[in-house]
Amino acid sequence: MSKSIHCFKLPFKIKETLVKHRLAMSGDLSNLSIEQLSKITHLSLDECEEVVKVINNKESLYFDPASILLKRELAPGSTIPTLSAKLNNLLCDGFPLGRLCEIAGASGVGKTQICFQLCVTVQLPEDIGGLGADSLYIDVDNSFRFNRIAEISGFLREKTRNMIDFDEERISEHIFVERCEELSHLQVLVLEKLEPFIKQNPQVRLVIIDSIAYLLRYDFKGKAEERNALIWNMSNKLREIAATYNLCVIVTNHVRYEPESGKEKPALGNRWGHYCALRLFLEKHAESGVRVATLTKSVNQQEASIHFKIGPQGVYDAEEPIERATGSRNQDCHQEPLYTLFPYFRFPYLNF
Ligand SMILES: Nc1ncnc2c1ncn2[C@@H]1O[C@H](COP(=O)(O)OP(=O)(O)OP(=O)(O)O)[C@@H](O)[C@H]1O
């Protein structure tokens, strides 16, 4: 049986390299010679020999110590930042790799705008602390607009004084888009096609499904149990893909009115809420027009809210001061605007 590479006692750096090249399961290595492995991963022949030896030892059973997980969480480029410092702070520096995250809210609150912005910021180059990565956008409710993404990248190009290559054409080459109009298509995509695609495209570190609720709420013809089983299978697969390949999976979700509380809650039922590691709930106050993002679920941050705005650059900070969320890795981020946006960046003149 194929096991996660993390079940084997190998140095952290080697495991990270294997995962980066989408060799995250022992089965992925079974048909590769030491030389082929070295060619793909650029690990030395000695290192590849060690990998093959350890993986072929069927008796070995190993669990990563927490220190290794900590190393990964603190590594530069372990999150995808937005262009709102407050939102990044709320999320502990941005949307985390390795997790299934949800952005929920009513129509027009800004879910898609955040997703568009992340398709740009995930491409920030590695040499300045970004991921230099690609994204896959699964467009379920026909909301994908490249001209809006071009507007966001144009803003960044201007702000970074062309130091970062945010050329429209280049940006567009790093976003894969799949339009999905039927539930059966979404099902096949998530359960069967996504993982092979991720393996073939190791540069993809962000997968967006906008929205997961659209077809599951309105296109489902079967019984409630079948629908729940499908939601379970899809969320399980998405969680597994996020963790195995250390990428961020973001799904957007609609809201439903809950008569008991008189409030709007994320759709797809309470059980769905357990499946995501992080839930961000967006609201827009009808009278004031103020937009609020609330972190309602996180494994490492307390529940808190921030105000945000939407402009040509996508989401950005509203002026109101906010209380600092606990657990942020970047303790000085309130003093230095550059670092609030991109914690690991080294452009001293970037000031939004
Ligand atoms: N270029 C722009 N400048 C300023 N605001 C913009 C711009 N483009 C979109 N918006 C604002 O973004 C909001 C729409 O947000 P978004 O598209 O993210 O909605 P959503 O939450 O995804 O809704 P739905 O569930 O219906 O898809 C609108 O209020 C719109 O005015």
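The preceding data block contains the structure.
The structure contained in this document is the topic of the report that follows. Since the model is a prediction, treat every value here as computed from it, not as a measurement.

Turning next to the pairing of strand E6 (residues 204–210). When you tally the buried positions in E6, you get seven out of seven residues, the bulk of the element. As defined by bridge partners, strand E4 (residues 134–139) adjoins E6 across six bridges and the pair is classed as parallel. The residue bridging Leu136 from the neighbouring strand is Val207, located in E6. In this sheet, strand E7 (residues 248–253) lies alongside E6 in parallel orientation, the contact comprising four bridges. Its bridge partner lying in E7, Leu206 is registered against Cys248.

Here we take up the site of the ligand. Surrounding the ligand, one finds 15 residues, the nearest of these being Ser107, Gly108, Lys111, Thr112 and Arg291. Note that an oxygen atom of the ligand is positioned 3.2 Å from one of the backbone N or O atoms of Val109. A distance of 2.9 Å separates an oxygen atom of the ligand from a polar atom in the backbone of Gln113. Notes on the ligand: free accessible area 660 Å², of which the protein chains cover 67%. Elements supplying a minimum of two residues to the shell around the ligand: helix H6 (111–121), helix H7 (146–159) and strand E12 (304–311). In terms of residue count, the dominant contributor to the shell around the ligand is H6 (three residues).

Reading across the sheet, the nine strands line up as E5-E4-E6-E7-E3-E10-E11-E12-E13 and stay open at both edges, with mixed pairing between neighbours. Of all strands in the sheet, those with a lone pairing partner are strand E5 (175–179) and strand E13 (314–317), marking the two edges. Averaged over all neighbouring strand pairs, the angle between strand axes comes to 25 degrees, with direction disregarded. Sheet analysis places strand E11 (residues 291–297) next to E12, joined by five bridges and oriented antiparallel. Bridging across to E12, Leu295 finds its partner in Ala304. Against the sheet, helix H9 (residues 183–200) makes contact with E4, E5 and E6, and its axis sits at roughly 175 degrees relative to E6, the strand it touches most. Across the sheet, helix H11 (residues 224–244) touches strand E3 (100–105), E6 and E7, and the angle it forms with E3 is around 125 degrees.

Rules used throughout
- Residues numbered from 1 in each chain as written.
- Predicted model: local features only at pLDDT ≥ 70, side-chain atom pairs only at ≥ 80, totals over all residues.
- Heavy atoms only, no water.
- Buried < 20%, exposed > 50% of the residue type's maximum accessible area, 1.4 Å probe, protein only.
- Helix = DSSP H or I, 4+ residues; strand = E, 2+ residues; numbered from the N terminus.
- Pairing = 2+ DSSP bridges.
- Near = heavy atom within 4 Å.
- Polar contact = N/O pair within 3.5 Å; in protein donor to acceptor, adjacent residues only side chain to side chain.
- Areas by Shrake-Rupley, 256 points an atom, 1.4 Å probe, with all protein chains shown as cover.
- Axes fitted to C-alpha atoms, helices over the stretch in contact; angles between N-to-C directions.
- Contact = heavy atoms within 4.5 Å.

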